[in-house]
Amino acid sequence: MRIGSLDFDKIQGPHIMGILNTTPDSFSDGGRFLLPEAALERGLAIAREGGHLIDIGGESTRPGASYVDAEEEMRRILPAIRSLKAAGSLPISVDTYKASVAAAALEAGADMINDVTGLWGDPDMARVVGESGVPVCIMMNRRLMEPTGDIFKDLDGFFRKSLDLAEKAGIREDSIILDPGIGFGLEARESFQILHHLERLREYGMPILLGASRKRIIWQTLGVRPEEALAGTLATTALGVFKGADIIRVHDVAENVKCALVANEIWKNQ
């Protein structure tokens with residue numbers, strides 16, 4: 001798989017995706033990178049710290065977050081995308097579930113779409129991705145479905161519907177990444193179960209993205225604030241390496257790059 005200039009075959013070990021939230025209300029860094037200048041500096045810092053991808057989001061997905069319309073979301077993310085591309089940045093993923101935002105972001109230079117509704121949220125999203133030919137991350141979002149009580153049955157049911165939507169829109173299988181959606185409509189024990197059995201996603205034959213950084217299951221377990229959850233996040237990063245994650249999405253890039261490097265050396269020498 002290629003994402004922009006990133007060739008998966010040329011990097012050993014997992015690829016670290018740095019988070020860039022251009023939002024006022026994200027759960028741990030809301031407001032820090034809202035201004036275009038701050039967003040540009042954050043994106044350049046992700047590269048300096050060894051990251052391989054930048055994931056830009058203009059709407060918080062935390063529980064209870066305010067809805068952001070497409071125009072406002074574009075106002076937040078497009079200047080950051082354009083300035084980063086002009087600076088020759090890392091490949092850019094855009095975290096959105098709105099087809100119009102995805103289309104505008106791709107036109108501005110984005111290299112990938114990261115849809116937290118797994119193509120369910122906007123009936124036009126699959127078409128936009130299919131016509132563009134860019135990679136897409138399909139995230140399982142249990143908030144959108146009626147739970148069966150079996151988290152792995154729900155994962156499979158969700159992904160099967162998403163993959164059907166992708167196939168009908170002409171999205172190639174080799175451009176799809178799967179994310180189990182840690183914390184999205186899941187009880188803590190279910191998120192931990194997914195982490196413990198993350199290798200099950202290998203059955204789909206597609207790259208796996210793990211996004212557990214600073215999630216509630218970590219900071220509540222540690223009894224700290226989200227921005228103080230680095231130690232717990234590093235535990236999930238190491239686990240992700242051992243379980244076969246291909247992309248690990250994080251806030252603290254430098255520390256997670258180092259963690260993944262050591263974990264990958266341990267894994268290679270088992």
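This section reports on the structure supplied with the text. For clarity, every value in this text was computed on a predicted model and none was experimentally measured. (Residues numbered from 1 in each chain as written. Predicted model: local features only at pLDDT ≥ 70, side-chain atom pairs only at ≥ 80, totals over all residues. Heavy atoms only, no water.)

### A short note on the packing of helix α3 (residues 99-108) against helix α4 (residues 125-132)
Phase 1 of the analysis: Look at α3 against α4: their axes get within 8 Å of each other, and the N-to-C directions meet at 20°. If you check the angle between α3 and α4, you find them roughly parallel. Handedness of the α3/α4 crossing: right-handed. From α3, Ala99, Ala102, Ala103 and Leu106 reach across to α4, where they touch Met125, Val128 and Ser132. (Axes fitted to C-alpha atoms, helices over the stretch in contact; angles between N-to-C directions. Helix = DSSP H or I, 4+ residues; strand = E, 2+ residues; numbered from the N terminus. Parallel < 35°, antiparallel > 145°, perpendicular 65-115°, else oblique. Left-handed = near helix turned anticlockwise from the far one by under 90°. Contact = heavy atoms within 4.5 Å.)

### Here's the deal with the pairing of strand β5 (residues 92-95)
Phase 1 of the analysis: Side chains of β5 alternate between two faces, with Ile92 and Val94 and Ser93 and Asp95 buried alike.
Phase 2 of the analysis: As judged from the four bridges shared by strand β4 (residues 53-57) and β5, these two strands associate in the parallel manner. Paired with isoleucine 56 across the strands is valine 94, a residue of β5.
Phase 3 of the analysis: Pairing of β5 with strand β6 (residues 112-115) involves three bridges; the strand directions are parallel. Considered in β6, the bridge of valine 94 is made with isoleucine 113.
Phase 4 of the analysis: Crossover handedness for the path β5 to α3 to β6: right-handed. (Buried < 20%, exposed > 50% of the residue type's maximum accessible area, 1.4 Å probe, protein only. Pairing = 2+ DSSP bridges. Right-handed = clockwise from strand over helix to strand, strands pointing away.)

### Side note on the pattern of salt bridges
Phase 1 of the analysis: Summed over the entire model, instances satisfying the criterion amount to 23 salt bridges.
Phase 2 of the analysis: Notably, a salt bridge pairs arginine 142 with glutamate 190, separated by 2.6 Å at the nearest N-O pair. In this pair, arginine 142 is assigned in the loop between β7 (136-139) and α5 (151-168) and glutamate 190 in helix α6 (residues 188-196), connecting sequence segments 48 residues apart.
Phase 3 of the analysis: The exposure class assigned to glutamate 190 is buried, which follows from its relative accessible area of 5%.
Phase 4 of the analysis: Of the charged contacts, one joins lysine 168 and aspartate 164 as a salt bridge, the two residues approaching to 3.1 Å between their closest N and O atoms. You can see lysine 168 and its partner aspartate 164 sitting in helix α5, four residues apart, about one turn around the helix.
Phase 5 of the analysis: For aspartate 164, a relative accessible area of 32% gives the class partly exposed. (Salt bridge = Lys/Arg side-chain N within 4 Å of Asp/Glu carboxyl O.)

### Digging into the sheet that holds β4
Think of a sheet as strands paired side by side through backbone hydrogen bonds, with each pair either parallel or antiparallel.
Phase 1 of the analysis: Taken in spatial order, the eight strands of this open sheet run β8-β7-β6-β5-β4-β3-β10-β9, and their pairing is parallel. Looking at the sheet topology across the chains shown, the edges are occupied by β8 (176-179) and β9 (209-210).

### So, the packing of aromatic side chains
Phase 1 of the analysis: The final tally for this structure, using the stated rule, is three aromatic pairs.
Phase 2 of the analysis: Centroid distance tryptophan 120 to phenylalanine 158: 4.1 Å. Interplanar angle 10°. Geometry classified as stacked. Of the two residues, tryptophan 120 sits in the loop between β6 and α4 while phenylalanine 158 sits in helix α5, which places them 38 residues apart along the sequence.
Phase 3 of the analysis: With centroids separated by 6.4 Å and ring planes inclined at 80°, the aromatic side chains of phenylalanine 158 and phenylalanine 159 adopt a geometry described as edge-to-face. Neither residue differs from the other here; phenylalanine 158 and phenylalanine 159 are each classed as buried.
Phase 4 of the analysis: Ring pairs connect the aromatic residues Trp120, Phe158, Phe159 and Tyr204, which therefore count as one cluster.
Phase 5 of the analysis: The ring of tryptophan 120 has lysine 161 sitting right over it, with the charged end atom 4.0 Å from the ring centre.
Phase 6 of the analysis: Positioned above the aromatic ring of phenylalanine 152 is the side chain of arginine 200, whose terminal nitrogen or guanidinium carbon lies 4.1 Å from the ring centre. (Phe/Tyr/Trp six-rings, centres within 6.5 Å; stacked < 30°, edge-to-face > 60°. Lys NZ or Arg CZ within 6 Å of the ring centre and 35° of its normal.)

### Details of a nonpolar patch on the surface
Phase 1 of the analysis: A cluster of nonpolar side chains, Phe242, Leu261, Val262, Ile266 and Trp267, forms an exposed patch at the surface whose accessible area comes to about 500 Å².
Phase 2 of the analysis: Sort the elements by how many residues they give to the nonpolar patch and helix α9 (residues 253-268) lands first, with four residues.
Phase 3 of the analysis: The topology assignment puts valine 262 in helix α9. (Patch = residues over 30% accessible without salt bridge, like charges linked within 9 Å, V, L, I, M, F, W, Y side chains within 5 Å. Areas by Shrake-Rupley, 256 points an atom, 1.4 Å probe, with all protein chains shown as cover.)

### Let's talk about the environment of glycine 185
Phase 1 of the analysis: Looking at where glycine 185 falls in the secondary structure, it is placed in the loop between β8 and α6.
Phase 2 of the analysis: Under the relative-accessibility criterion, glycine 185 is labelled partly exposed at 37%.
Phase 3 of the analysis: Sequence separation between glycine 185 and asparagine 141 is 44 residues, and the spatial gap between their C-alpha atoms is 6.6 Å.

### A word on the packing of helix α1 (residues 36-48) against helix α2 (residues 70-86)
Phase 1 of the analysis: Packing of α1 against α2 brings their axes to within 9 Å, and their N-to-C directions diverge by 50°. Considered as vectors, α1 and α2 are oriented oblique to each other. With respect to the hand of their crossing, α1 and α2 are arranged in right-handed fashion. Residues Pro36, Ala39, Leu40, Gly43 and Leu44 of α1 form the contact with α2, whose own contacting residues are Pro79, Ala80, Ser83 and Leu84.
Phase 2 of the analysis: Grouping the constituent residues of the contact of α1 with α2 by class yields seven nonpolar, two polar and no charged. (Nonpolar A, V, L, I, M, F, W, Y, C, P; charged D, E, K, R; others polar.)

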